[in-house]
Structures are given as structure tokens and as C-alpha cells.
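Okay, here's what each chain looks like letter by letter:
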Amino acid sequence: MQLYTVRDLLKVDFEGTLRTVADLGYREVEFAGILGVDVSRTGQLLRRLGLAAPSVHLDYASLRDDARRSFEIAELLGSRFVVCPWLDPSIRQTSDDWMRICDDLNTIGERASRSDLTLAYHNHDFEFADLPGGIRPYDVLLSRTDARFVKFELDVYWATKGHLDSARVLRANPSRFPLLHLKDMAEDGSTTELGHGTIDFASILAAASQSGVRHLFVEQDVSSDPLGSIEASITFLRSQPYMSSSFIRPRTP
């Protein structure tokens, strides 16, 4: 699961929250900003809890300007993917801006590969809004970044907001999407527990199983009961035909 969902709980009880996540049946977590007091100790804690952190979100500026430290954080957590999760609006206004971003991502990705890491880009919905001339930033990202060095983490909620068919884009770009964010969309457009909203997860999970997706992360941006939400979502996933014990632990009797 993406730990942004339980960010407030992590600030109060870091170890206890991770233990609860493991007890609920999650095998893998993805960090986003809150890494614990000492990253090396966090890596040890994960191992004690039987959790893995295959990917970590690190901000664009840090990946670009301090790649060495960014990669050290990933290595201490045992992560193989470093994910660019967000771009400040000030740097993504024009087509030329997006060209520069792609060039930066290619450079970061090549550096990451030399450290046995893989760079991935995580979307929101602004990547699907046309720029002047009808250019869609997500198309630029897919075409201009080097497939050897830049992969993608598809957030199906934000993709749906941007009117993208997640299952179709997964099938059209096999091997470029090793990471997937799973969160559902309520009728009012907010995030909700998996299976409680409008997104067709059966087709997305089927496409994921055929397209080289390696890691799935449950996420809910806002919840009044984060632990209840992630329990409801993992219960839903256990009912899906394309899920396996490689992603989630069986239910404990």
C-alpha cells in the first residue's frame, strides 16, 4: 500500500502503524515523505515486519539535483524503484517545459540504472489536460522519455479523472508500467475504498496481469478512518481473480 494514506498515523506511531499494515495482509509498502527517524532503522523494521518497500517517492528536485542522496535512501529501504510523484505547476506550463522535463527524467533514469535502480513517473490528472496546440503532456512523456531508463507508475484514479482508459494504456504499453496505484472514485469524484466507487478494477487488474505490472499499491488520499479504509480495500482485492499471494497475504483465520 502507498503509505501516504496513513501519513497522519505514521507521525504519531511510525512502527505501530507499519505493524498494523502488515497485520492486515499487505506485503509491500511505498513510502512518500515520511521515512522514520533514521532510514537505515526503517529498513531494518520493514524486514522484522515481513514487509518490502519496492519503491519510494522522492521529489523531482531531489532526484534531479541530489541523485546520490536520493539513491542512498532507496537502497537503505531496499527499494528498486525511485518514483517522481509530482511536478510543481511553475515548471510545466508549456510544451518546451515538458520537453525539458523529459530530458531531465532521461538523465535521472540513466543515473539510476547505474545504481541498479529504476526511475518511474507517477501521474496526477494535469498530464492529461491539453496544452496550446492540442498537445497532451502524457503523450509527450511516453514518447520522449527513453523506455530503457524511464518507467511509469499509473495512478488509475487520476487517470480516470483525466479521461484515460487505464486498461487500454496498460495493454498498449507493455513493460512501461511496472507500478500501479489502485484507488477508487466515488460518485462525487473523491477517493474511496476499492470496490466502493465507479472504477472498473476487474478490467484494470486483468490488463495489469498481462502487461508486466510488478507492484500494486492501494491508496486513498483522504479518509476519516485510514486503517478501516485500507482493510476494506484489501478485502476487495482478495475477491479479485487476478490477485495472488505474491501481492497480498492470505486472510489470517
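In short, a report on the structure. Since the model is a prediction, treat every value here as computed from it, not as a measurement. (Residues numbered from 1 in each chain as written. Predicted model: local features only at pLDDT ≥ 70, side-chain atom pairs only at ≥ 80, totals over all residues. Heavy atoms only, no water.)

**What to know about the packing of helix 6 (residues 95-114) against helix 7 (residues 137-144)**
This is how the line gets drawn: Fitted lines through C-alpha atoms serve as axes, helices being fitted only where they are in contact, and the angles separating the N-to-C directions of these axes extend from 0 to 180 degrees. Secondary structure elements are taken from DSSP: a helix is a run of H or I of four residues or more, a strand is a run of E of two residues or more, and numbering for both begins at the N terminus. Should the near helix be turned counterclockwise from the far one by less than a right angle, the crossing is left-handed, whereas a clockwise turn marks it as right-handed. The contact definition used throughout considers only heavy atoms, calling two residues in contact when any of these lie within 4.5 Å. Throughout this entry, Asp, Glu, Lys and Arg are counted as charged residues, while Ala, Val, Leu, Ile, Met, Phe, Trp, Tyr, Cys and Pro are counted as nonpolar. The remaining residues, Gly among them, count as polar.
Two elements in contact, helix 6 and helix 7, have axes separated by 10 Å at closest approach and are oriented at 35°. For the pair helix 6 and helix 7, the sense of crossing is right-handed. Contacts from Trp98, Met99, Cys102, Asp103, Leu105 and Asn106 in helix 6 reach Pro137, Val140, Leu141 and Arg144 in helix 7. Partitioned by chemical class, the residues of the contact of helix 6 with helix 7 number seven nonpolar, one polar and two charged.

**Considerations on the pairing of strand 9 (residues 215-218)**
If a strand is regular, its side chains alternate between the two faces of the sheet. Note the threshold: Exposure is judged per residue with a 1.4 Å probe applied to protein chains only, and the accessible area is read against the type maximum: over 50% gives exposed, under 20% gives buried, and values in between give partly exposed. A pair of strands is labelled paired if DSSP reports no fewer than 2 bridges between them.
Neither face of strand 9 is exposed, since His215 and Phe217 on one face and Leu216 and Val218 on the opposite face are all buried. Sheet analysis places strand 6 (residues 179-182) next to strand 9, joined by four bridges and oriented parallel. In the sheet register, His181 faces strand 9, and the bridge partner there is Phe217.

**Description of the sheet that holds strand 3 (residues 81-84)**
The strand order across the open sheet built from seven strands is 1-2-3-4-5-6-9, with neighbouring strands paired in parallel fashion. Since the sheet does not close on itself, it has two edges, and those belong to strand 1 (28-32) and strand 9, each with one partner. The sheet shows a mean angle of 25° between the axes of neighbouring strands, direction not considered.

**A closer look at the pairing of strand 5 (residues 150-155)**
Let me state the cut-off plainly: Handedness rule for crossovers: strands pointing away from the viewer, path from the first strand over the helix to the second running clockwise, crossover right-handed.
Across the six residues that make up strand 5, a large majority, six, are buried. Neither face of strand 5 is open: one carries Val150, Phe152 and Leu154, the other Lys151, Glu153 and Asp155, and all of them are buried. Pairing analysis gives four bridges linking strand 4 (residues 118-122) to strand 5, with the strands arranged parallel. Its bridge partner lying in strand 5, His122 is registered against Glu153. In terms of handedness, the path from strand 4 via helix 7 over to strand 5 forms a crossover that is right-handed. The pairing of strand 5 with strand 6 spans three bridges and is classified as parallel.

**A word on unusual backbone geometry**
Positive phi is not limited to glycine here, since Asp116 has a value of about 60°. Checked against the element boundaries, Asp116 lands in the loop between helix 6 and strand 4. Phi is positive for His163, close to 65°, though the residue is something other than glycine. Looking at where His163 falls in the secondary structure, it is placed in the loop between helix 8 (156-161) and helix 9 (166-172). Judged by relative accessible area, His163 falls into the exposed class, the value being 75%.

**Structural notes on empty space enclosed by the protein**
Take a probe with the size of a water molecule and roll it over the atoms, and the empty space left behind shows itself. Going by this rule: Site definitions follow a grid-based scheme: protein atoms alone, a 1 Å grid, a 1.4 Å probe that fits but cannot get out for cavities, and for pockets an open set with protein on both sides within 12 Å along at least five of seven lines, plus lining residues having an atom within 4 Å of a point. Grid points are joined across faces, edges and corners, and a volume is the space filled by probe spheres set on the points.
The final tally for this structure, using the stated rule, is two cavities of 30 Å³ or more. A volume near 30 Å³ is recorded for the second largest cavity. Gln2, Leu3, Tyr4, Arg7, Leu10, Ala32 and Ile34 together form the lining of the second largest cavity. A per-class count over the lining of the second largest cavity returns five nonpolar, one polar and one charged.

**Section: helix 11 (residues 226-238)**
Stated formally: To estimate the expected span of a helix, count its residues, drop one, and scale the result by 1.5 Å. By definition, the arc is the one covered by directions from the helix axis to the C-beta atoms.
Relative to the 18 Å expected for 13 residues at 1.5 Å per residue, helix 11 spans 19 Å between its end C-alpha atoms, a close match to the ideal helical length. All buried positions along helix 11 are accounted for by Pro226, Ser229, Ile230, Ser233, Ile234, Phe236 and Leu237. Relative to the axis of helix 11, the buried residues are bounded by an arc of 155° and lie together on one face.

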